[in-house]
Amino acid sequence: YGRASSGISIKSAMRQLVIFIATGAWSGYAPFAPGTFGSIVGLIVGCLVFAPIWRRSPAAFLIVFVIVFVLACWIAGCAEKMLGEHDSSKIVLDEVLGMVATMFMNPTGWISLAAGFALFRIFDIIKPFPASLIDRRVRGGAGVMLDDIAAGIYANLVLQADRKSTRLNSSH
């Protein structure tokens, strides 16, 4: 019991699944800038999985996002223990969901995606308050995830404001 028919233990399979998800399909193992590679995975996941949901029902997206976020906190916490380091650079699930938060209710054309990507990476790196406080004080999976969600919210707000100001300026 506890072993799959191939001889791989369920515990080992779960460990591999947690690492696969936490590292953004292993993009967190990139030899340089793993957060950037994780953000690219986030753009892809956002466009293919989440954008169709928010286009149909923003409320349904928010429900799904909260559930995924809670699971992601647990996965990130497990991955920290498995990798043996707090907020390991290999864990990029936070970048994946941060990019999804960035693009929520924004267009998914190339210009918007590039702008969202750049804004998210900037906010993720500079960590304006309260992201910096979260990064320093919150431990575990929630600490891994929350500062990137804050960066995604900042980037989203800038994209939304730019869209609104462009619309206002073009109506004159």
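Reading guide: rules and limits
- Note that residues are indexed from 1 along each chain, following the sequence as it is written.
- Per-residue local features are limited, in this predicted model, to residues with pLDDT of at least 70; the limit for side-chain atom pairs, both in listing and counting, is 80 or more; totals at the level of whole chains, interfaces and linings are taken over all residues.
- Note that the side-chain values use all heavy atoms of the structure and ignore hydrogens as well as water.
- Going along the chain from the N terminus, every DSSP run of H or I of four or more residues is numbered as a helix, and every run of E of two or more is numbered as a strand.
- By definition in these notes, contact holds between two residues if any of their heavy atoms fall within 4.5 Å.
- Lines fitted to the C-alpha atoms define the axes, with helices restricted to the stretch that makes contact. Angles between their N-to-C directions range from 0 to 180 degrees.
- In this scheme, roughly parallel covers angles under 35 degrees and roughly antiparallel covers those over 145, while 65 to 115 is roughly perpendicular and the rest are oblique.
- With the far helix as reference, a near helix turned anticlockwise by less than a right angle produces a left-handed crossing, and one turned clockwise produces a right-handed crossing.
- In this classification, Asp, Glu, Lys and Arg are treated as charged, Ala, Val, Leu, Ile, Met, Phe, Trp, Tyr, Cys and Pro as nonpolar, and every other residue, Gly included, as polar.
- Patches were defined on residues exceeding 30% relative accessible area and lacking a salt bridge, with like-charge contacts within 9 Å and nonpolar side-chain contacts (Val, Leu, Ile, Met, Phe, Trp, Tyr) within 5 Å.
- Where accessible areas are quoted, they stem from the Shrake-Rupley method and a 1.4 Å probe; at the residue level, only the protein chains shown are allowed to cover.
- Throughout this description, the term salt bridge denotes a Lys or Arg side-chain nitrogen within 4 Å of a carboxyl oxygen of Asp or Glu.
- Each residue's exposure class comes from its accessible area (1.4 Å probe, protein chains only) as a fraction of the maximum for that residue type: buried when under 20%, exposed when over 50%, partly exposed otherwise.
- Any helix carries an expected span of 1.5 Å times its number of residues minus one.
- Counted as positive: Lys and Arg. Counted as negative: Asp and Glu. His and the chain ends are not counted at all.

Draft legend 1. The environment of phenylalanine 69, seen in detail. Along the chain, the position of phenylalanine 69 falls in helix α3 (residues 58-83). On a C-alpha basis, the gap between phenylalanine 69 and phenylalanine 32 in space is 26 Å, while along the polypeptide they are 37 residues apart. In contact with phenylalanine 69, other than residues within four places in its own chain, are Leu97, Met145, Leu146 and Ile149.

Draft legend 2. Main features of the packing of helix α2 (residues 34-56) against helix α4 (residues 93-103). Interhelical geometry of α2 versus α4 gives an angle of 50° and a closest axis separation of 7 Å. When the interaxial angle is binned, α2 and α4 end up oblique. The hand of the α2/α4 crossing is right-handed. Contacts between α2 and α4 pair Gly35, Gly38, Ser39, Val41, Gly42, Leu43, Val45, Gly46, Phe50 and Trp54 from the former with Glu95, Val96, Met99, Val100 and Met103 from the latter. For the contact of α2 with α4, the per-class residue count stands at 9 nonpolar, 5 polar and 1 charged.

Draft legend 3. Seen up close, a nonpolar patch on the surface. Together, Ile10, Met14, Leu17, Phe20, Ile21, Trp26, Tyr29 and Trp74 make up a nonpolar patch on the protein surface, roughly 790 Å² of accessible area in all. Looking at which element gives the most residues to the nonpolar patch, the answer is helix α1 (residues 10-22), with 5 residues. Relative to the elements of secondary structure, phenylalanine 20 occurs in helix α1.

Draft legend 4. Expanded view of the pattern of salt bridges. This structure, assessed with the given rule, holds 3 salt bridges. The shortest N-O distance in the salt bridge between lysine 127 and aspartate 124 comes to 3.2 Å. Assessed through its relative accessible area of 18%, lysine 127 is described here as buried. The class for aspartate 124 is buried, based on a relative accessible area of 5%. Lysine 127 serves as the salt-bridge partner of aspartate 147, at 2.8 Å between the closest nitrogen and oxygen. Taken as a pair, aspartate 147 in helix α7 (residues 140-170) and lysine 127 in the loop between α5 (110-126) and α6 (131-137) lie far apart in primary sequence, 20 residues in all.

Draft legend 5. Layout of the packing of α3 against α4. Running from N to C, α3 and α4 cross one another at 165°; their axes reach a closest spacing of 11 Å. Compared by their axis directions, α3 and α4 come out roughly antiparallel. The hand of the α3/α4 crossing is left-handed. Contacts between α3 and α4 pair Phe61, Phe65, Val68, Phe69, Ala72 and Ile75 from the former with Leu93, Leu97, Val100 and Ala101 from the latter.

Draft legend 6. Representation of α5 in the model. Between its terminal C-alpha atoms α5 stretches 24 Å, which fits the 24 Å expected from 17 residues at 1.5 Å a residue. All of the buried residues in α5 are Ser112, Leu113, Gly116, Phe120, Arg121, Phe123 and Asp124. Backbone geometry just after α5 places lysine 127 at a positive phi near 45°.

Draft legend 7. The side chain of aspartate 94, seen in detail. You can see aspartate 94 is positioned in helix α4. Of the buried charged residues, aspartate 94 lacks a salt bridge, with lysine 127 as the closest side chain of opposite charge at 6.6 Å.

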